[in-house]
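One-letter residues, chain by chain:
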Amino acid sequence: MSKAVHGGNLEELSRKFNLDKEKLIDFSANINPLGVNEKVKKAIIDALDKVEKYPDITYYNLKSAIGNFEDIDYSNLVLGNGAAEIIFNLVRAVNPKKVLIPAPTFSEYEEASLSVNSNIEYYYLKEENDWSIDKDILSFINEDIDIVFICNPNNPTGVITKKDILLSIIEKAKETKTIVAIDESFLDFIKSSDKYSLVSLLKDYDNIFIIKSLTKLFAIPGIRIGYGISNNMDIINKIQSISVPWNINILAEVAAINSLNDKEYISKSTAYIEEEKKYLFKELCKFNDVKIFKPSVNFIMFKLKKDIDLKYELMKRNIIIRSCSNYNGLDKNYYRIAVRTREENEIFINTLKKVIS
Ligand SMILES: Cc1ncc(COP(=O)(O)O)c(C=O)c1O
């Protein structure tokens, strides 16, 4: 099991610190603040009787729904019990001797690589460079690197890597026989995601592997559903062969199909989050003791210039945020918050004023 500390562990926190779970506002997990789509909830309830049967082992309907959503052939897909399982299955399938991982980034690329004893090289992102990936990353890609992971947009910095940089990485990686694993789990939070997604390039390159989670945009992290897409059938078949059969339960299948089919919920969510992101950004910019990094999707990273344990201080006031102290490349002064509802965002800003002024 992963040892990494993540956001969203409210159960554990309330047990440890004797907090009333019902009163907590969770800014630590980057989940759509609109919550589960009511239509999806109803579809799950209507499907409850189906749990008496096994899911379709080929997952034809689910793969077709994802295929339609991504505009790809369903044979290019592998399914995971969350994107986390896809990341672990990818490294188990490739068994890389060495991987390249930017830092800071989502910790499971490292955890998964360590689970198969890979060596890890880090490409350190710099604050003075706005945490962006530059062309100098190319000099880190060589024949020894079997997989390079890129989280786009990056969790926790929120930085989007533009297509031209990604293309030069993919071209170099093609020469060195390196797989470029791009995690686009947060990309659908932006309306113009097509501008950044590499899905349309898949047919031209067989060294791209795209990782996607459905748990964030559709607010279903408890359901667990994610997928990988690649034109490289060797990798797809290998992952298929090491995947546990029926790794997606029937309720997750129903939730995913119904979520993907509701375009109205998706556009309502992206518009709402865009507005709330702007609100939080504007309000956070007013704090002298906060250095805020420009967000792109539904979470915001900032640096506190004051020596207080902000996570603890806010927790005492029932607000849970993500301390970035355990991210490689960051320290205890960095925090990440999710974009929540207006009411919750106002509570956060007002409480922050009290705590740091
Ligand atoms: C960048 C990124 N990828 C993947 C995941 C895992 O998502 P899932 O809930 O689908 O396992 C997360 C979860 O926080 C994430 O931040």
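Up top is the structure these notes are about.
Residues numbered from 1 in each chain as written. Predicted model: local features only at pLDDT ≥ 70, side-chain atom pairs only at ≥ 80, totals over all residues. Heavy atoms only, no water.

Draft legend 1. Expanded view of the site of the ligand. Taken together, the neighbourhood of the ligand is formed by 15 residues, with A83, N155, D183, S213 and R224 sitting nearest. Here an oxygen atom of the ligand sits 2.9 Å away from a polar atom, N or O, in the side chain of K216. R224 places a polar side-chain atom, nitrogen or oxygen, 2.6 Å from an oxygen atom of the ligand. Protein contact buries 90% of the 390 Å² of open area that the ligand shows by itself. For the shell around the ligand, the per-class residue count stands at 7 nonpolar, 5 polar and 3 charged. (Near = heavy atom within 4 Å. Polar contact = N/O pair within 3.5 Å; in protein donor to acceptor, adjacent residues only side chain to side chain. Areas by Shrake-Rupley, 256 points an atom, 1.4 Å probe, with all protein chains shown as cover. Nonpolar A, V, L, I, M, F, W, Y, C, P; charged D, E, K, R; others polar.)

Draft legend 2. Representation of empty space enclosed by the protein in the model. Scanning all chains against the criterion turns up 2 cavities of 30 Å³ or more. If you add up the space inside the largest cavity, you get close to 60 Å³. The wall of the largest cavity is formed by P102, T105, L125, W131, I133, C151, N154, V159 and T161. Classifying every residue of the lining of the largest cavity gives 6 nonpolar, 3 polar and no charged. If you add up the space inside the second largest cavity, you get close to 50 Å³. Taken together, E184, S185, D188, F189, K212, S213, L214, L217 and F218 make up the lining of the second largest cavity. Residues that form the lining of the second largest cavity fall into these classes: 4 nonpolar, 2 polar and 3 charged. (1 Å grid on protein atoms, 1.4 Å probe; cavity = no way out; pocket = protein on both sides within 12 Å on 5 of 7 lines; lining within 4 Å. Points joined across faces, edges and corners; volume = space filled by probe spheres on them.)

Draft legend 3. Molecular detail of the layout of surface pockets. For the largest pocket, the calculated volume is near 850 Å³. What lines the largest pocket is a set of 34 residues, among which H6, G7, F106, K216 and R224 lie closest to the centre. Mapped by element, the contributors of at least two residues to the lining of the largest pocket are α4 (83-94) and α5 (108-115). Examining the composition of the lining of the largest pocket, we find that 4 residues originate from one element, α4, more than from any other. Here the lining of the largest pocket is composed, by residue class, of 15 nonpolar, 12 polar and 7 charged. (Helix = DSSP H or I, 4+ residues; strand = E, 2+ residues; numbered from the N terminus.)

Draft legend 4. Seen up close, the side chain of N247. With respect to the element layout, N247 can be found in the loop between α7 (233-242) and α8 (250-261). Within the structure, the side chain of N247 is placed 3.0 Å from the side chain of E85, a separation counted as a polar contact. The contact partners of N247, leaving out residues within four places of it in the chain, are Y59, L79, G80, N81 and E85. (Contact = heavy atoms within 4.5 Å.)

Draft legend 5. The packing of aromatic side chains, seen in detail. Throughout the structure, instances matching the rule amount to 15 aromatic pairs. Their ring planes at 35° and their centres at 5.1 Å tell us that F27 and F348 sit as a pair that is tilted. A residue pair is termed long-range when its members are at least 10 positions apart, and F27 in the loop between β1 (25-26) and α2 (38-46) and F348 in helix α11 (residues 342-356) qualify at 321 residues. Residue classification places F27 among the buried residues on the basis of a relative accessible area of 0%. Taken together, a centroid distance of 5.6 Å and an interplanar angle of 80° make the contact between F106 and Y109 edge-to-face. On the basis of relative accessible area, Y109 is assigned to the buried category, the value being 1%. Members of the aromatic cluster, connected to one another through ring pairs, are F106, Y109 and F149. Above the face of the F281 ring, K294 is positioned so that its terminal group lies 5.6 Å from the ring centre. The aromatic ring of Y279 is capped on one face by R342, whose charged end is 4.0 Å from the ring centroid. (Phe/Tyr/Trp six-rings, centres within 6.5 Å; stacked < 30°, edge-to-face > 60°. Buried < 20%, exposed > 50% of the residue type's maximum accessible area, 1.4 Å probe, protein only. Lys NZ or Arg CZ within 6 Å of the ring centre and 35° of its normal.)

Draft legend 6. Representation of helix α6 (residues 163-176) within the structure. Relative to the 20 Å expected for 14 residues at 1.5 Å per residue, α6 spans 20 Å between its end C-alpha atoms, a close match to the ideal helical length. Looking at α6, one finds that the buried residues are I165, L166, S168, I169, I170, A173 and T176. Buried positions along α6 lie against β5 (147-151), β6 (179-183) and β7 (208-213). K177 sits one or two positions beyond α6 and adopts a positive phi of about 60°. (Expected span 1.5 Å × (residues − 1).)

Draft legend 7. The sheet that holds strand β12 (residues 322-323), seen in detail. Read across the sheet, 4 strands follow the order β9-β10-β13-β12 without closing on themselves; strand pairing throughout is antiparallel. Single-partner strands in this sheet number two, and they are β9 (290-292) and β12. Both β12 and strand β13 (residues 334-338) contribute to a ladder of 2 bridges, which runs antiparallel. The residue of β13 that forms the bridge with R322 is R336. (Pairing = 2+ DSSP bridges.)

Draft legend 8. Inspection of the pattern of salt bridges at higher detail. As enumerated under the stated definition, the model contains 19 salt bridges in all. The partner of E313 in a salt bridge is K316, with the nearest N and O atoms 3.4 Å apart. With relative accessibility at 22%, the residue E313 sits in the partly exposed group. Judged by relative accessible area, K316 falls into the partly exposed class, the value being 48%. Via salt bridges that share partners, E70, D188 and K212 belong to a single interconnected network. (Salt bridge = Lys/Arg side-chain N within 4 Å of Asp/Glu carboxyl O.)

Draft legend 9. Structural view of the nonpolar core. By size, the foremost hydrophobic cluster in this structure holds 96 residues, and its most contacted members are I169, L284, L310, I321, I337 and F348. The element that contributes the greatest number of residues to this core is α8, accounting for 7 residues. Apart from the residues lying within four places of it in its own chain, the contact partners of I337 are F27, N30, L280, L284, N298, F299, I300, F302, I321 and F348. Grouped together as the second largest cluster of nonpolar side chains are 24 residues, I120, I147, A181 and F209 included. (Core = buried A, V, L, I, M, F, W, Y, C linked by side-chain atoms within 4.5 Å.)

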